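So you can see what is in the structure, the chains are spelled out below.
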Amino acid sequence: MKTTLPLFTRAFVDSWRSTLGWAAGLAFAVFLYLPLYPSIGGSAEMQNMIDALPPEMTKALNYDQIATGPGYTQATLFGLIGFMLMTIASVAWGAAAVGGDEESGQLELTLAHGVTRVQVVLERALALFLRVILLSALVFVLVRLLNDSARLDIMPENLFGAAVLFAGLSLLTGTAALFAGTLTGRRTHGLAAGAAVGVLGYVFNAVGRQSKDVEWLLGLSPYHWAYGNSPVASGADWAAAGWLWGISVALVLLSAVALDRRDVGA
């Protein structure tokens, strides 16, 4: 019997160990950072620590927000350690999806089994999307579970919106890696492109917040599109979410076109 979405199934099932590993890493980050808030959040000691930091560093790290539960969650989890972990995972998956297979010679074997190039890209991209969505959902659930005990006072709808943006930002880095890897047939190029989107987005946000003279950099930062209005505290910017998810879908379609129009292994 013919399997529905065989490449998606294989890509998703074969990566279950890495998905579980990244899930454990995100869960560790949630349980490490958030339970600390009741002992430090809103305290005079915390405010004194923030005041002692250079203003430039405080803005770059979003530490100007951490006196409240939503701001603390935004700055430490969604905006820093969670962002870093999800970016690494998504970029690695995206770069390996096509570029990694072509670099190793596996892609030609896959195409010899009666599947189309477009099918390869779309099904493997679907596996990437599902992994990112599952990890983002895990973070949402864990933060909700700790919301009361850690006295975070996060509104459920704001947390949901932040999780959607969290997933969208991660997908943008992963699909950038997918596109570059597919376009060049090289996993390393995919890794470089995906990392550039994540790192430059973070840097542009950090620098753009320092002065009005360089504020224009914020418009070039996907990180700022996602987190510029502090969604955990203020609610999601759904237009920004649409851009992040929409560009990710567009990159997948461009990847399918790129693979369909060039020689594999050339």
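Residues numbered from 1 in each chain as written. Predicted model: local features only at pLDDT ≥ 70, side-chain atom pairs only at ≥ 80, totals over all residues. Heavy atoms only, no water.

Asks: Please explain the packing of aromatic side chains as it appears in this structure.
Replies: Centre distance and the angle of the planes are the two values used to describe a pair of aromatic rings. Scanning all chains against the criterion turns up ten aromatic pairs. Taking 6.1 Å as the distance between ring centres and 20° as the angle between the ring planes, the aromatic pair formed by F8 and F12 counts as stacked. Here F12 and F8 lie together in helix α1 (residues 6-14), a separation of four residues that amounts to about one turn. Each ring, one from F160 and one from W238, has its centre 6.4 Å from the other, and the planes form 40°; the classification is tilted. Taken together, the residues F160 in helix α9 (residues 156-184) and W238 in helix α13 (residues 238-260) connect sequence positions 78 residues apart. On the accessibility criterion, F160 (46% relative accessible area) is partly exposed. Of the residues examined, W238 reaches a relative accessible area of 47% and is grouped as partly exposed. Here the aromatic residues F83, Y202, Y223 and Y227 are joined through ring pairs into a cluster of three or more. Positioned above the aromatic ring of W93, the side-chain terminus of R131 is 4.6 Å from the ring centre. (Phe/Tyr/Trp six-rings, centres within 6.5 Å; stacked < 30°, edge-to-face > 60°. Helix = DSSP H or I, 4+ residues; strand = E, 2+ residues; numbered from the N terminus. Buried < 20%, exposed > 50% of the residue type's maximum accessible area, 1.4 Å probe, protein only. Lys NZ or Arg CZ within 6 Å of the ring centre and 35° of its normal.)

Asks: Quick question: what am I supposed to make of the side chain of Q74 here?
Replies: Along the chain, Q74 turns up in helix α6 (residues 69-104). Residue classification places Q74 among the buried positions, given a relative accessible area of 4%. Other than its neighbours up to four places away in sequence, Q74 contacts Q65, G79, Y227, S230, P231 and V232. (Contact = heavy atoms within 4.5 Å.)

Asks: Help me out: how do you make sense of the environment of L80 in this one?
Replies: Here L80 shows up in helix α6. Distance from L80 to Y202, taken between C-alpha atoms, is 9.4 Å for residues 122 residues apart in sequence.

Asks: How do you make sense of the pattern of salt bridges when you look at a structure like this?
Replies: Pairing is possible between side chains that carry opposite charge, provided their charged atoms lie close to one another. A full pass over the atoms with the stated rule returns three salt bridges. Note that R10 is salt-bridged to D14, the shortest N-O span being 3.6 Å. Of this pair, R10 and D14 both sit in helix α1, four residues apart, roughly one helical turn. The burial state of R10 is the same as that of D14; both residues are exposed. (Salt bridge = Lys/Arg side-chain N within 4 Å of Asp/Glu carboxyl O.)

Asks: I'm lost on the packing of α9 against α13 in this one. Help?
Replies: A pair of packed helices is captured by two measures, namely the crossing angle of their axes and the spacing between those axes. Their axes nearest at 8 Å, the elements α9 and α13 cross at an angle of 20°. If you check the angle between α9 and α13, you find them roughly parallel. Between α9 and α13 lies a crossing whose hand is left-handed. Here the contact of α9 with α13 is composed, by residue class, of 22 nonpolar, six polar and no charged. (Axes fitted to C-alpha atoms, helices over the stretch in contact; angles between N-to-C directions. Parallel < 35°, antiparallel > 145°, perpendicular 65-115°, else oblique. Left-handed = near helix turned anticlockwise from the far one by under 90°. Nonpolar A, V, L, I, M, F, W, Y, C, P; charged D, E, K, R; others polar.)

Asks: Please clarify how the layout of surface pockets should be interpreted in this entry.
Replies: Here the idea is plain: a probe the size of a water molecule rolls over the atoms and shows the empty space left. In this structure, the largest pocket spans a volume of roughly 580 Å³. Lining the largest pocket are 18 residues, with R10, A11, D14, D101 and R124 positioned closest to its centre. Going through the elements one at a time, α1, α6, α7 (106-111) and α8 (117-146) are the ones with two or more residues in the lining of the largest pocket. Classifying every residue of the lining of the largest pocket gives nine nonpolar, four polar and five charged. (1 Å grid on protein atoms, 1.4 Å probe; cavity = no way out; pocket = protein on both sides within 12 Å on 5 of 7 lines; lining within 4 Å. Points joined across faces, edges and corners; volume = space filled by probe spheres on them.)

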